[in-house]
Amino acid sequence: AIVNGLAGTGQEEAVSFLRVTKQYLPHVARLCLISTFLEDGIRMWFQWSEQRDYIDTTWNCGYLLASSFVFLNLLGQLTGCILVLSRNFVQYACFGLFGIIALQTIAYSILWDLKFLMRNLALGGGLLLLLAESRSEGKSMFAGVPTMRESSPKQYMQLGGRVLLVLMFMTLLHFDASFFSILQNIVGTALMILVAIGFKTKLAALTLVVWLFAINVYFNAFWTIPVYKPMHDFLKYDFFQTMSVIGGLLLVVALGPGGVSMDEKKKEW
């Protein structure tokens, strides 16, 4: 009874938070979501030669192809960010940013690094949610072909986005015997499951936002590291990538879990 009471209170607080921030939350979510692309695009501009030389050395592809790769990353990411923030051609922007993620996954050999791969997939989950948000309710992916509400592409995008988002938190689990780590793993795993299956979704997602933001500020404080040290760029990249996942979770808070979720099914029961 106590647990149910606490859950009910938390859900009411989440609803109250959503009412107060209803007009602003989607905008904040989109800004957070594209922050890693914005930061990376700007970094491509200021570190053009370093990025070009890295690609050339890694793939031995020559000056021209390496330069083309850096230019494509810079243009694709900044253009995508502008379109998302201006709410113009958002679906095309999302597909372009999906392409950037895939391109970087191959070019930087992220495919073989499980931690970075899971984080990139989580970032893709955030883009799926943004893509779902940009679609009008009940609109079919195939023009002129009617679809039932339960099987609408938008709802499956929301499901896929939620599932991919929780991959970020799997990279934060600590496998040691300390009490704090065990508690963090239990609570974090429970919240991840709730978001993935869509149960008490807004409360669970909002809790994860607070938790992830605190962890991000504490562990990825790049502003405390001198700019000339390599760790500065590493933490900065990690910080903004985490902020993008936070943006995806904020979209879950703003839009709800969608039709393919336990929260939605409860209404039918």
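It should be emphasised that the depicted structure is a prediction, and the values quoted were computed from it without experimental measurement.

1. Here we look at the packing of aromatic side chains
Consideration 1: Under the counting rule described, the total for this entry stands at eleven aromatic pairs.
Consideration 2: An angle of 65 degrees between the planes, with centres 5.5 Å apart, marks the rings of Phe-222 and Phe-239 as edge-to-face. Residue Phe-222 is located in the loop between helix 10 (201–219) and helix 11 (230–255), and its partner Phe-239 is located in helix 11; the two are separated by 17 residues in the primary sequence. As far as burial versus exposure is concerned, Phe-222 and Phe-239 are alike and both buried.
Consideration 3: Plain terms: the ring middles of Phe-239 and Phe-240 are 5.3 Å apart, the flat faces sit at 85 degrees to each other, and that makes the pair edge-to-face. For the pair Phe-239 and Phe-240, one class covers both residues: buried.
Consideration 4: Three or more aromatic residues joined by ring pairs make a cluster, and in this case those are Phe-222, Trp-223, Phe-239 and Phe-240.

2. Some points on the pattern of salt bridges
Consideration 1: Counted according to the given criterion, the structure contains six salt bridges.
Consideration 2: The salt bridge involving Asp-53 is made with Arg-52; its shortest N-O contact spans 3.3 Å.
Consideration 3: For Asp-53, a relative accessible area of 37% corresponds to the partly exposed category.
Consideration 4: Each of Arg-30, Arg-87 and Glu-133 takes part in a single network of salt bridges with overlapping partners.

3. Notes on the UniProt feature "transmembrane region" (unreviewed entry) in the protein
Consideration 1: According to UniProt, the "transmembrane region" (unreviewed entry) feature falls on residues 63–85, 92–111, 179–199, 206–227 and 239–260.
Consideration 2: Within residues 63–85, the helical portion is 100% and the strand portion 0%, while the C-alpha atoms at the span's ends are 33 Å from each other.
Consideration 3: Counted over residues 179–199, helix gives 90% and strand 0%. Its end C-alpha atoms are 27 Å apart.

4. Focus: the layout of surface pockets
Consideration 1: In this model, the largest pocket occupies a volume close to 540 Å³.
Consideration 2: The wall of the largest pocket is formed by 16 residues, among which Arg-43, Gln-51, Tyr-54, Tyr-108 and Tyr-237 lie closest to the centre.
Consideration 3: Elements with a minimum of two residues in the lining of the largest pocket: helix 2 (25–46), helix 3 (48–59) and helix 11.
Consideration 4: Split by residue class, the lining of the largest pocket holds seven nonpolar, four polar and five charged.

5. Things to note about the confidence of the model for the protein
Consideration 1: In the predicted model, the protein carries a mean pLDDT of 85, and the fraction of residues at 70 or more is 86%.
Consideration 2: Ranking the elements of the protein by mean pLDDT puts helix 1 (residues 2–21) last with 58 and helix 4 (residues 63–86) first with 95.

6. Brief notes about the nonpolar core
Consideration 1: Phe-37, Leu-130, Phe-169, Leu-208, Leu-212, Leu-249 and Leu-250 are the most contacted members of the largest nonpolar core, which has 52 residues in total.
Consideration 2: In terms of residues, this core owes the most to one element, helix 11, which gives eleven residues.
Consideration 3: Every residue in contact with Leu-250, bar those within four places of it in the chain, is listed here: Leu-25, Val-28, Ala-29, Cys-32 and Val-209.
Consideration 4: Within the second largest apolar cluster, seven residues are counted, among which are Ile-55, Ala-66, Phe-69 and Ala-107.

7. As for the packing of helix 7 (residues 153–165) against helix 11
Two quantities define a packed helix pair, namely the angle between the axes and the distance from one axis to the other.
Consideration 1: Running from amino to carboxyl end, helix 7 crosses helix 11 at an angle of 135 degrees, the nearest separation of the two axes being 10 Å. The orientation of helix 7 with respect to helix 11, classified from their angle, is oblique. Like other packed secondary-structure pairs, helix 7 and helix 11 cross with a definite hand, here left-handed. Touching Gln-158, Arg-162 and Leu-165 of helix 7 are Val-245, Gly-248, Leu-249, Val-252 and Leu-255, all from helix 11.
Consideration 2: For the contact of helix 7 with helix 11, a count of residues per class yields five nonpolar, two polar and one charged.

8. A look at the side chain of Arg-30
Consideration 1: Mapped onto the secondary structure, Arg-30 falls in helix 2.
Consideration 2: On the basis of relative accessibility, which here comes to 5%, the residue Arg-30 falls in the buried class.
Consideration 3: Within the structure, Arg-30 has its side chain in polar contact with the side chain of His-27 (distance 2.8 Å).
Consideration 4: Here Arg-30 is in contact with Val-84, Arg-87, Leu-130 and Glu-133, once residues within four sequence places are set aside.

9. Some words on a nonpolar patch on the surface
Consideration 1: A cluster of nonpolar side chains, Phe-179, Ile-182, Leu-183, Ile-186 and Val-187, forms an exposed patch at the surface whose accessible area comes to about 510 Å².
Consideration 2: Of note, Phe-179 is situated in helix 9 (residues 179–197).

10. Here we look at the packing of helix 2 against helix 6 (residues 114–134)
Consideration 1: As a packed pair, helix 2 and helix 6 sit with axes 11 Å apart at the nearest point and diverge in direction by 140 degrees. What the angle tells us is that helix 2 and helix 6 run oblique. Here the hand of the crossing between helix 2 and helix 6 comes out left-handed. Across the interface between the two elements, Pro-26, Arg-30, Leu-33, Thr-36 and Phe-37 from helix 2 touch Leu-123, Gly-126, Leu-127, Leu-130 and Glu-133 from helix 6.
Consideration 2: Looking at the contact of helix 2 with helix 6, its residues break down into six nonpolar, two polar and two charged.

Definitions and cut-offs
Residues numbered from 1 in each chain as written. Predicted model: local features only at pLDDT ≥ 70, side-chain atom pairs only at ≥ 80, totals over all residues. Heavy atoms only, no water. Phe/Tyr/Trp six-rings, centres within 6.5 Å; stacked < 30°, edge-to-face > 60°. Helix = DSSP H or I, 4+ residues; strand = E, 2+ residues; numbered from the N terminus. Buried < 20%, exposed > 50% of the residue type's maximum accessible area, 1.4 Å probe, protein only. Salt bridge = Lys/Arg side-chain N within 4 Å of Asp/Glu carboxyl O. UniProt positions renumbered as here; feature names shortened; annotations may be inferred. 1 Å grid on protein atoms, 1.4 Å probe; cavity = no way out; pocket = protein on both sides within 12 Å on 5 of 7 lines; lining within 4 Å. Points joined across faces, edges and corners; volume = space filled by probe spheres on them. Nonpolar A, V, L, I, M, F, W, Y, C, P; charged D, E, K, R; others polar. pLDDT = per-residue confidence, 0-100. Core = buried A, V, L, I, M, F, W, Y, C linked by side-chain atoms within 4.5 Å. Contact = heavy atoms within 4.5 Å. Axes fitted to C-alpha atoms, helices over the stretch in contact; angles between N-to-C directions. Parallel < 35°, antiparallel > 145°, perpendicular 65-115°, else oblique. Left-handed = near helix turned anticlockwise from the far one by under 90°. Polar contact = N/O pair within 3.5 Å; in protein donor to acceptor, adjacent residues only side chain to side chain. Patch = residues over 30% accessible without salt bridge, like charges linked within 9 Å, V, L, I, M, F, W, Y side chains within 5 Å. Areas by Shrake-Rupley, 256 points an atom, 1.4 Å probe, with all protein chains shown as cover.

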